[in-house]
Amino acid sequence: MEIIIQPSAEAATSVAARVIARLLREKPDAVIGLATGSTPLLLYRELIRMKLDWRKVTTFNLDEYVGLPKEHPQSYHSFMWENLLGHINIAKKNVHIPDGNTNDIPKFCAKYEKQIRAAGGIDLQVLGIGTDGHIGFNEPTSSLASRTRIKTLTQRTVQDNARFFGSEDKVPHHVITMGIGTIMEARQNLLLAFGPKKARAIAEAVEGPITSVNPASVLQMHPVTKVCLDEEAAAQLQRADYYRWVFDNKPGWQKI
Ligand code: F6R
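Residues numbered from 1 in each chain as written. Predicted model: local features only at pLDDT ≥ 70, side-chain atom pairs only at ≥ 80, totals over all residues. Heavy atoms only, no water.

## Details of the site of the ligand
So the rule is basically this: Proximity criterion: a residue is near a molecule or strand once any of its heavy atoms comes within 4 Å of it. For the area figures, the Shrake-Rupley method with a 1.4 Å probe applies, and any residue is considered shielded solely by the protein chains shown. Amino acid classes used here: Ala, Val, Leu, Ile, Met, Phe, Trp, Tyr, Cys and Pro are nonpolar; Asp, Glu, Lys and Arg are charged; the rest, including Gly, are polar.
The full set close to the ligand counts 15 residues, and T39, D63, H134, G136 and K198 are the nearest of them. Summarising the interface, the protein chains cover 94% of the accessible area of the ligand, which totals 400 Å² for the free molecule. Counted by class, the shell around the ligand contains 4 nonpolar, 8 polar and 3 charged residues.

## Notes on the sheet that holds strand β4 (residues 63-65)
Keep this limit in mind: Being paired, for any two strands, means DSSP has found at least two bridges between them. Each helix is a run of H or I in the DSSP string that is no shorter than four residues. Each strand is a run of E no shorter than two, and both are numbered from the N terminus. Axis definition: a line fit to C-alpha positions, over the contact stretch in the case of helices; interaxial angles, taken between N-to-C directions, run 0 to 180 degrees.
In space, the 3 strands of this open sheet follow the order β4-β8-β7, with antiparallel pairing throughout. On the outer flanks of this sheet lie β4 and β7 (149-152), each paired with one strand and no other. The mean angle between the axes of side-by-side strands here comes to 30°, regardless of whether they run parallel or antiparallel. In this sheet, strand β8 (residues 174-177) lies alongside β7 in antiparallel orientation, the contact comprising 4 bridges. Along β8, the bridge assignment pairs K151 with V175.

## Considerations on the side chain of D230
For the record, the criterion: Whether a residue is buried, partly exposed or exposed follows from its accessible area with a 1.4 Å probe, protein chains only, as a fraction of its type maximum: under 20%, in between, or over 50%, in that order. By the counting scheme adopted, Arg and Lys are positive, Glu and Asp are negative, and His together with the chain ends is not counted. Here, a salt bridge means any Lys or Arg side-chain nitrogen found within 4 Å of an Asp or Glu carboxyl oxygen. Here a polar contact is recorded for every N or O atom pair within 3.5 Å, except that within protein the pair must consist of a potential hydrogen donor and a potential acceptor, and residues adjacent in sequence are included only if both atoms are side-chain atoms. Residue contacts follow a heavy-atom distance rule, with two residues in contact if any of their heavy atoms lie within 4.5 Å.
Secondary-structure assignment places D230 in strand β10 (residues 225-230). Of the side chains with opposite charge, K198 lies nearest to the buried D230, which makes no salt bridge, at 9.4 Å. A distance of 3.1 Å separates the side chain of D230 from the backbone nitrogen of G195, its partner in a polar contact. Beyond its immediate stretch of four places on either side in the chain, D230 contacts I5, Q6, S8, A9, A12, A193, F194 and G195.

## Focus on the sheet that holds strand β6 (residues 124-127)
Pairing between the strands of a sheet comes from backbone hydrogen bonds, and it takes one of two forms, parallel or antiparallel. Ordered in space as β1-β10-β9-β6-β2-β3-β5, the 7 strands form an open sheet in which the pairing is parallel. In this open sheet, the two strands that pair with only one neighbour each are β1 (2-6) and β5 (95-96). As judged from the 4 bridges shared by strand β2 (residues 31-34) and strand β3 (residues 58-61), these two strands associate in the parallel manner. Paired with G33 across the strands is F60, a residue of β3.

## A few points about helix α3 (residues 76-83)
Along α3, the residues that are buried comprise Y76, H77, S78, F79 and M80. Looking at the buried positions of α3, the neighbouring elements they touch are β2, α2 (41-49), β3, β4 and α5 (155-165).

## Some words on the environment of A12
Along the polypeptide, A12 turns up in helix α1 (residues 9-26). When its relative accessible area of 0% is taken as the criterion, A12 is described as buried. With 10 residues separating them in the primary sequence, A12 and R22 have C-alpha atoms 16 Å apart. Contact partners of A12, with chain neighbours within four places excluded, come to Q6, F194, C228, L229 and D230.

Set out below in C-alpha coordinates:
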(Lines give C-alpha, C1' and ligand atoms only; values in the text may rest on other atoms or scores of the structure.)
Protein backbone atom coordinates (compact mmCIF):
# COMPACT_ATOMS: atom_id res chain seq x y z
CA MET A 1 0.00 0.00 0.00
CA GLU A 2 1.20 3.46 -0.79
CA ILE A 3 -0.09 5.91 1.80
CA ILE A 4 -0.35 9.49 0.54
CA ILE A 5 -1.13 12.01 3.27
CA GLN A 6 -2.03 15.50 2.15
CA PRO A 7 -2.96 18.62 4.12
CA SER A 8 -6.57 18.66 2.87
CA ALA A 9 -9.18 16.57 1.08
CA GLU A 10 -8.72 18.87 -1.95
CA ALA A 11 -4.98 18.18 -2.09
CA ALA A 12 -5.45 14.41 -1.64
CA THR A 13 -8.12 14.47 -4.35
CA SER A 14 -5.79 16.30 -6.68
CA VAL A 15 -3.23 13.47 -6.36
CA ALA A 16 -5.95 10.90 -7.12
CA ALA A 17 -7.20 12.91 -10.11
CA ARG A 18 -3.67 13.07 -11.52
CA VAL A 19 -3.34 9.28 -11.23
CA ILE A 20 -6.56 8.82 -13.20
CA ALA A 21 -5.64 11.49 -15.77
CA ARG A 22 -2.30 9.79 -16.40
CA LEU A 23 -3.99 6.42 -16.87
CA LEU A 24 -6.49 7.86 -19.37
CA ARG A 25 -3.64 9.48 -21.31
CA GLU A 26 -1.64 6.24 -21.38
CA LYS A 27 -4.64 3.99 -22.01
CA PRO A 28 -7.55 5.88 -23.61
CA ASP A 29 -9.72 2.74 -23.50
CA ALA A 30 -9.11 2.08 -19.81
CA VAL A 31 -11.67 0.32 -17.64
CA ILE A 32 -12.37 2.35 -14.51
CA GLY A 33 -14.23 1.17 -11.42
CA LEU A 34 -16.22 3.92 -9.74
CA ALA A 35 -17.55 4.53 -6.24
CA THR A 36 -20.30 6.73 -4.86
CA GLY A 37 -20.89 8.48 -1.51
CA SER A 38 -19.48 11.79 -0.23
CA THR A 39 -15.81 10.91 -0.63
CA PRO A 40 -15.42 10.88 -4.44
CA LEU A 41 -17.51 14.02 -5.00
CA LEU A 42 -14.46 16.29 -5.08
CA LEU A 43 -12.66 13.81 -7.32
CA TYR A 44 -15.50 13.76 -9.84
CA ARG A 45 -15.65 17.56 -9.82
CA GLU A 46 -11.92 17.69 -10.51
CA LEU A 47 -12.11 15.07 -13.29
CA ILE A 48 -14.90 17.05 -14.98
CA ARG A 49 -12.80 20.22 -14.68
CA MET A 50 -9.82 18.46 -16.30
CA LYS A 51 -11.86 17.81 -19.48
CA LEU A 52 -10.31 14.37 -20.06
CA ASP A 53 -11.28 12.23 -23.02
CA TRP A 54 -13.67 9.48 -21.86
CA ARG A 55 -14.92 8.44 -25.33
CA LYS A 56 -13.30 5.00 -25.21
CA VAL A 57 -13.43 4.50 -21.44
CA THR A 58 -15.59 1.80 -19.86
CA THR A 59 -16.83 2.12 -16.28
CA PHE A 60 -18.16 -0.32 -13.71
CA ASN A 61 -19.68 0.94 -10.48
CA LEU A 62 -19.05 -0.88 -7.25
CA ASP A 63 -22.56 -1.10 -5.94
CA GLU A 64 -26.23 -0.12 -5.93
CA TYR A 65 -29.14 -0.31 -3.50
CA VAL A 66 -31.64 -3.12 -4.06
CA GLY A 67 -35.20 -2.05 -4.79
CA LEU A 68 -34.57 1.68 -5.16
CA PRO A 69 -35.94 2.93 -8.51
CA LYS A 70 -33.14 4.08 -10.85
CA GLU A 71 -34.70 7.55 -10.91
CA HIS A 72 -34.67 7.87 -7.11
CA PRO A 73 -32.40 10.80 -6.21
CA GLN A 74 -30.34 8.57 -3.88
CA SER A 75 -29.90 5.67 -6.30
CA TYR A 76 -26.32 5.27 -7.40
CA HIS A 77 -27.53 5.55 -11.01
CA SER A 78 -28.78 9.07 -10.24
CA PHE A 79 -25.64 9.87 -8.26
CA MET A 80 -23.29 8.86 -11.06
CA TRP A 81 -25.12 10.69 -13.85
CA GLU A 82 -25.53 13.79 -11.73
CA ASN A 83 -21.99 13.96 -10.36
CA LEU A 84 -19.81 12.62 -13.16
CA LEU A 85 -21.22 10.74 -16.13
CA GLY A 86 -23.58 13.48 -17.28
CA HIS A 87 -20.66 15.93 -17.53
CA ILE A 88 -18.06 13.92 -19.49
CA ASN A 89 -17.98 12.53 -23.02
CA ILE A 90 -18.45 8.89 -22.04
CA ALA A 91 -20.53 6.56 -24.26
CA LYS A 92 -23.65 5.43 -22.40
CA LYS A 93 -23.15 1.86 -23.63
CA ASN A 94 -19.81 1.75 -21.79
CA VAL A 95 -21.34 2.59 -18.39
CA HIS A 96 -22.16 -0.26 -16.02
CA ILE A 97 -23.96 0.22 -12.71
CA PRO A 98 -25.50 -2.76 -10.90
CA ASP A 99 -29.24 -3.06 -11.48
CA GLY A 100 -30.84 -2.98 -8.05
CA ASN A 101 -34.22 -3.81 -9.60
CA THR A 102 -33.30 -6.98 -11.42
CA ASN A 103 -35.71 -9.84 -10.77
CA ASP A 104 -32.88 -12.38 -10.66
CA ILE A 105 -30.07 -11.04 -8.48
CA PRO A 106 -27.70 -14.06 -8.64
CA LYS A 107 -28.02 -14.17 -12.44
CA PHE A 108 -27.44 -10.43 -12.71
CA CYS A 109 -24.36 -10.62 -10.46
CA ALA A 110 -22.84 -13.47 -12.50
CA LYS A 111 -23.43 -11.41 -15.65
CA TYR A 112 -21.79 -8.33 -14.09
CA GLU A 113 -18.67 -10.36 -13.30
CA LYS A 114 -18.68 -11.68 -16.86
CA GLN A 115 -18.98 -8.16 -18.27
CA ILE A 116 -15.99 -7.02 -16.22
CA ARG A 117 -13.95 -9.95 -17.56
CA ALA A 118 -15.13 -9.33 -21.14
CA ALA A 119 -14.03 -5.68 -20.86
CA GLY A 120 -10.52 -6.92 -20.01
CA GLY A 121 -10.75 -6.41 -16.24
CA ILE A 122 -10.65 -3.20 -14.25
CA ASP A 123 -7.52 -1.08 -14.72
CA LEU A 124 -8.18 1.24 -11.80
CA GLN A 125 -10.80 0.97 -9.08
CA VAL A 126 -11.80 4.05 -7.08
CA LEU A 127 -12.73 3.17 -3.50
CA GLY A 128 -14.10 4.93 -0.44
CA ILE A 129 -14.13 3.28 2.98
CA GLY A 130 -16.95 2.90 5.47
CA THR A 131 -16.47 3.85 9.13
CA ASP A 132 -16.57 0.08 9.72
CA GLY A 133 -13.87 -0.60 7.12
CA HIS A 134 -16.17 -1.72 4.31
CA ILE A 135 -15.07 -1.32 0.69
CA GLY A 136 -17.83 -1.46 -1.89
CA PHE A 137 -20.55 -2.67 0.43
CA ASN A 138 -18.50 -5.59 1.66
CA GLU A 139 -19.32 -5.26 5.31
CA PRO A 140 -17.15 -6.67 8.12
CA THR A 141 -16.83 -10.49 7.96
CA SER A 142 -17.50 -10.53 4.20
CA SER A 143 -15.57 -13.30 2.52
CA LEU A 144 -12.24 -11.97 1.35
CA ALA A 145 -12.78 -14.03 -1.81
CA SER A 146 -16.33 -12.80 -2.46
CA ARG A 147 -17.66 -11.89 -5.90
CA THR A 148 -20.50 -9.58 -6.94
CA ARG A 149 -23.56 -10.50 -4.90
CA ILE A 150 -26.32 -9.25 -2.62
CA LYS A 151 -25.27 -8.00 0.82
CA THR A 152 -27.15 -6.75 3.87
CA LEU A 153 -25.89 -3.42 5.24
CA THR A 154 -24.84 -3.27 8.87
CA GLN A 155 -26.91 -1.06 11.14
CA ARG A 156 -23.90 1.24 11.37
CA THR A 157 -23.81 1.73 7.60
CA VAL A 158 -27.57 2.30 7.56
CA GLN A 159 -27.04 4.99 10.22
CA ASP A 160 -24.08 6.48 8.31
CA ASN A 161 -26.11 6.69 5.09
CA ALA A 162 -29.27 8.04 6.71
CA ARG A 163 -27.86 11.53 6.02
CA PHE A 164 -28.57 11.01 2.32
CA PHE A 165 -32.13 9.76 2.83
CA GLY A 166 -33.33 12.07 5.60
CA SER A 167 -33.99 9.22 8.03
CA GLU A 168 -32.71 5.75 8.84
CA ASP A 169 -35.92 3.93 7.99
CA LYS A 170 -35.70 5.11 4.37
CA VAL A 171 -32.26 3.52 3.78
CA PRO A 172 -32.58 0.23 1.86
CA HIS A 173 -31.07 -2.69 3.77
CA HIS A 174 -29.90 -4.65 0.76
CA VAL A 175 -27.37 -3.82 -1.90
CA ILE A 176 -25.64 -5.43 -4.84
CA THR A 177 -21.89 -5.01 -4.51
CA MET A 178 -18.77 -6.15 -6.27
CA GLY A 179 -17.05 -8.66 -4.00
CA ILE A 180 -13.71 -8.29 -2.31
CA GLY A 181 -12.31 -10.86 -4.74
CA THR A 182 -13.60 -8.69 -7.60
CA ILE A 183 -11.96 -5.57 -6.17
CA MET A 184 -8.70 -7.44 -5.58
CA GLU A 185 -8.53 -8.28 -9.31
CA ALA A 186 -8.42 -4.61 -10.32
CA ARG A 187 -4.92 -3.80 -11.57
CA GLN A 188 -4.80 -0.74 -9.36
CA ASN A 189 -6.88 0.46 -6.43
CA LEU A 190 -7.20 4.09 -5.41
CA LEU A 191 -8.75 4.45 -1.98
CA LEU A 192 -9.73 7.89 -0.73
CA ALA A 193 -10.68 8.80 2.84
CA PHE A 194 -11.24 12.17 4.44
CA GLY A 195 -12.23 13.43 7.86
CA PRO A 196 -11.87 12.21 11.44
CA LYS A 197 -14.65 9.62 11.20
CA LYS A 198 -12.48 7.52 8.87
CA ALA A 199 -9.30 7.65 10.99
CA ARG A 200 -9.87 4.43 12.91
CA ALA A 201 -10.95 2.35 9.90
CA ILE A 202 -7.91 3.63 7.98
CA ALA A 203 -5.45 2.85 10.78
CA GLU A 204 -6.84 -0.67 11.10
CA ALA A 205 -6.85 -1.21 7.33
CA VAL A 206 -3.29 0.04 6.80
CA GLU A 207 -1.47 -1.01 9.96
CA GLY A 208 -3.71 -3.66 11.51
CA PRO A 209 -3.88 -7.37 10.75
CA ILE A 210 -5.50 -8.55 7.53
CA THR A 211 -8.94 -9.53 8.64
CA SER A 212 -12.43 -9.69 7.22
CA VAL A 213 -13.49 -7.66 10.27
CA ASN A 214 -11.94 -4.70 8.45
CA PRO A 215 -12.48 -5.63 4.80
CA ALA A 216 -10.22 -2.82 3.52
CA SER A 217 -7.27 -4.46 5.30
CA VAL A 218 -7.19 -7.07 2.52
CA LEU A 219 -5.76 -4.33 0.29
CA GLN A 220 -2.46 -5.02 2.07
CA MET A 221 -2.35 -8.06 -0.23
CA HIS A 222 -2.94 -5.98 -3.37
CA PRO A 223 0.17 -5.13 -5.38
CA VAL A 224 -0.81 -1.60 -6.48
CA THR A 225 -3.00 0.25 -4.01
CA LYS A 226 -2.72 3.96 -3.33
CA VAL A 227 -4.47 5.39 -0.27
CA CYS A 228 -5.06 9.15 -0.54
CA LEU A 229 -5.82 10.74 2.83
CA ASP A 230 -6.26 14.13 4.41
CA GLU A 231 -4.58 14.77 7.76
CA GLU A 232 -7.73 13.96 9.72
CA ALA A 233 -8.23 10.54 8.15
CA ALA A 234 -4.51 9.84 8.70
CA ALA A 235 -4.59 10.92 12.35
CA GLN A 236 -4.38 7.43 13.88
CA LEU A 237 -1.61 6.07 11.66
CA GLN A 238 1.48 5.16 13.72
CA ARG A 239 3.86 5.51 10.79
CA ALA A 240 2.47 8.68 9.23
CA ASP A 241 5.90 10.37 9.22
CA TYR A 242 7.38 7.51 7.25
CA TYR A 243 4.59 7.67 4.64
CA ARG A 244 5.11 11.41 4.25
CA TRP A 245 8.86 10.92 3.92
CA VAL A 246 8.37 8.25 1.25
CA PHE A 247 6.02 10.50 -0.77
CA ASP A 248 8.29 13.54 -0.50
CA ASN A 249 11.36 11.58 -1.59
CA LYS A 250 10.02 9.64 -4.54
CA PRO A 251 12.47 9.29 -7.42
CA GLY A 252 11.56 11.68 -10.24
CA TRP A 253 10.11 8.96 -12.47
CA GLN A 254 7.74 7.88 -9.68
CA LYS A 255 6.33 11.30 -8.88
CA ILE A 256 2.59 11.76 -9.26
C1 F6R B 1 -19.96 3.54 -2.37
C2 F6R B 1 -19.22 2.55 -1.61
C3 F6R B 1 -18.96 2.70 -0.16
C4 F6R B 1 -18.53 4.10 0.26
C5 F6R B 1 -18.37 4.18 1.76
C6 F6R B 1 -17.96 5.56 2.22
O7 F6R B 1 -20.05 3.20 -3.73
O8 F6R B 1 -18.83 1.59 -2.19
O9 F6R B 1 -17.96 1.79 0.22
O10 F6R B 1 -17.33 4.42 -0.39
O11 F6R B 1 -19.56 3.83 2.37
O12 F6R B 1 -18.99 6.45 1.97
P13 F6R B 1 -18.78 8.03 2.12
O14 F6R B 1 -17.82 8.42 1.06
O15 F6R B 1 -20.14 8.61 1.87
O16 F6R B 1 -18.26 8.25 3.49
